[in-house]
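These are the residues of each chain, in order.
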Amino acid sequence: MSKRILNDLWQVGGDGLTDPADAAIYLMRFGDKAALVDAGCGHGHSRLKKHIAECIPSDVQLEYLLLTHSHFDHTGGAEAVRNEFGCRIVAHELDAVYLESGDSEVTAASWYGARFKPLIIDIKLRGEESTLAIGSGSVTAIHWPGHSPGSVVYTTQIDSQLVLFGQDVHGPIHPALLSDEKQYQASLKKLVALDADLLLEGHFGIFRTKEEVREFIQSFMK
Ligand SMILES: [Zn+2]
Ligand SMILES: [Zn+2]
């Protein structure tokens, strides 16, 4: 079963929904178009497909798969999602390089006993911030390096709420992932300043008030 978070916003994947190894997968709809945030590791693809079908009718086009960063628990299922729905895959260029080369170390696939198959990124985000129009709405990608070089969060307005998709806000910071603690600390400040109403995390669930969002992000600040 998918989980409704707001009107036109759902959790469709993650531990307990698709596969224990999957980071959370979120789906949003803007009129006749929709976008997915992250794809899980791929083991739960048939469940993911079923959950998406529960949330959006078949005439709503899944236009984008928005990847938050390169790690396998978020990206291993990306090719299967593109093959299934014909969507375009979006990632920041600083992580795209490891996805496109199939780097099993930097994508952390080796931590899951997997090899990362090279994944072509259709739209490479560059610089600090980019906005993508999706149907009747839009999503803004904000570069927040630290956990990985090309980590991004996505923000959007749904039901007059500022929703923040921050998939690995908690880290970890690890040399094999090319993490950078100094960048991470500066990026956490950037996330707090967004003052989001909801935080949809990759592994820690959903934070539903500005205060909860701020406290969670600040708990990783030094
Ligand atoms: Zn990660
Ligand atoms: Zn993760």
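Residues numbered from 1 in each chain as written. Chains lettered and ligands numbered in written order. Predicted model: local features only at pLDDT ≥ 70, side-chain atom pairs only at ≥ 80, totals over all residues. Heavy atoms only, no water.

Here we look at the overall build of the protein chain
Here is step 1: The helix and strand tally for the protein chain stands at 6 helices and 13 strands.
Here is step 2: The C-alpha atoms of the protein chain give 16 Å as radius of gyration, which agrees with the globular expectation for 222 residues (17 Å, within 12%).
Here is step 3: Counting only residues that meet the buried cut, the protein chain has 55% of its 222 residues in that class.
Here is step 4: For the protein chain, the share of sequence-separated contacts (at least 6 apart) that also reach a separation of at least 24 residues comes to 64%.
Here is step 5: Of the charged side chains in the protein chain, 20 are positive and 30 negative; the average position of the first set lies 2 Å away from that of the second. (Helix = DSSP H or I, 4+ residues; strand = E, 2+ residues; numbered from the N terminus. Rg over C-alpha atoms; globule rule 2.2 N^0.38 Å. Buried < 20%, exposed > 50% of the residue type's maximum accessible area, 1.4 Å probe, protein only. Contact = heavy atoms within 4.5 Å. Lys, Arg positive; Asp, Glu negative; His and termini not counted. Charge placed at Lys NZ, Arg CZ, Asp CG, Glu CD.)

With respect to the pairing of strand β2 (residues 9-13)
Here is step 1: β2 sits mainly inside the fold: 5 of its 5 residues count as buried.
Here is step 2: Strand direction decides the pairing type here: strand β1 (residues 3-6) and β2, joined by 3 bridges, are antiparallel. Paired with L6 across the strands is L9, a residue of β2.
Here is step 3: Note: β2 against strand β3 (residues 25-30), 4 bridges, orientation antiparallel. Its bridge partner lying in β3, Q11 is registered against Y26. (Pairing = 2+ DSSP bridges.)

Description of the coordination of the zinc ion (ligand 1)
Here is step 1: For the zinc ion (ligand 1), every protein donor is listed as H69 (NE2), H71 (ND1), H147 (NE2) and D168 (OD), and the spread of their distances is 2.0 to 2.2 Å.
Here is step 2: Each of the 4 donor atoms bound to the zinc ion (ligand 1) contributes to angles spanning 90 to 176 degrees, and the resulting shape is irregular.
Here is step 3: In primary-sequence terms, the residues that donate to the zinc ion (ligand 1) follow H-x1-H-x75-H-x20-D.
Here is step 4: Separating the zinc ion (ligand 1) from the zinc ion (ligand 2) is a distance of 3.6 Å, and D168 supplies a donor atom to each of them. Of this pair, H71 sits in the loop between β5 (61-66) and α2 (72-75) while D168 sits in the loop between β11 (161-166) and α5 (181-194), and the two are 97 residues apart along the sequence. Grouping residues by exposure puts H71 and D168 together as buried. (Donors = N, O, S within 2.8 Å, 3.2 Å for Na, K, Ca; no water. Tetrahedral: all angles 85-135°; square planar, octahedral: opposite > 155°, others 65-115°.)

Remarks on the sheet that holds strand β8 (residues 129-134)
Here is step 1: One open sheet accounts for 6 strands, arranged β8-β9-β10-β11-β12-β13; its pairing is mixed. The sheet terminates laterally at β8 and β13 (206-207), the two strands that pair on one side only.
Here is step 2: Where strand β10 (residues 152-158) lies against β11, 5 bridges are found, and the strand directions are antiparallel. The residue of β11 that forms the bridge with T156 is V163.
Here is step 3: Here helix α6 (residues 210-218) sits on the sheet and contacts β11, β12 (198-201) and β13; the angle it forms with β12, its principal contact strand, is near 45 degrees. (Axes fitted to C-alpha atoms, helices over the stretch in contact; angles between N-to-C directions.)

Let's talk about the coordination of the zinc ion (ligand 2)
Here is step 1: Taken together, D73 (OD), H74 (NE2), D168 (OD), D168 (OD) and H203 (NE2) make up the full set of protein donors to the zinc ion (ligand 2), lying 2.1 to 2.7 Å away.
Here is step 2: Expressed as a motif, the donor residue spacing for the zinc ion (ligand 2) is D-H-x93-D-x34-H.

Some points on unusual backbone geometry
Here is step 1: The linkage connecting G171 with the following residue, P172, adopts the cis geometry, with an omega of 5 degrees.
Here is step 2: For P172, the location among the structural elements is in the loop between β11 and α5.
Here is step 3: Of note in the backbone geometry, S160 takes a positive phi value of approximately 60 degrees without being a glycine.
Here is step 4: Position of S160 among the secondary structure elements: in the loop between β10 and β11.
Here is step 5: A relative accessible area of 71% places S160 in the exposed class.

Quick word on the sheet that holds β2
Here is step 1: Pairing is mixed in the open sheet, where 7 strands are placed in the order β1-β2-β3-β4-β5-β6-β7. At either end of the open sheet lies a strand with only one pairing partner, and these are β1 and β7 (123-125). Across this sheet, the average inter-strand angle for adjacent strands is 25 degrees, counted without regard to direction.

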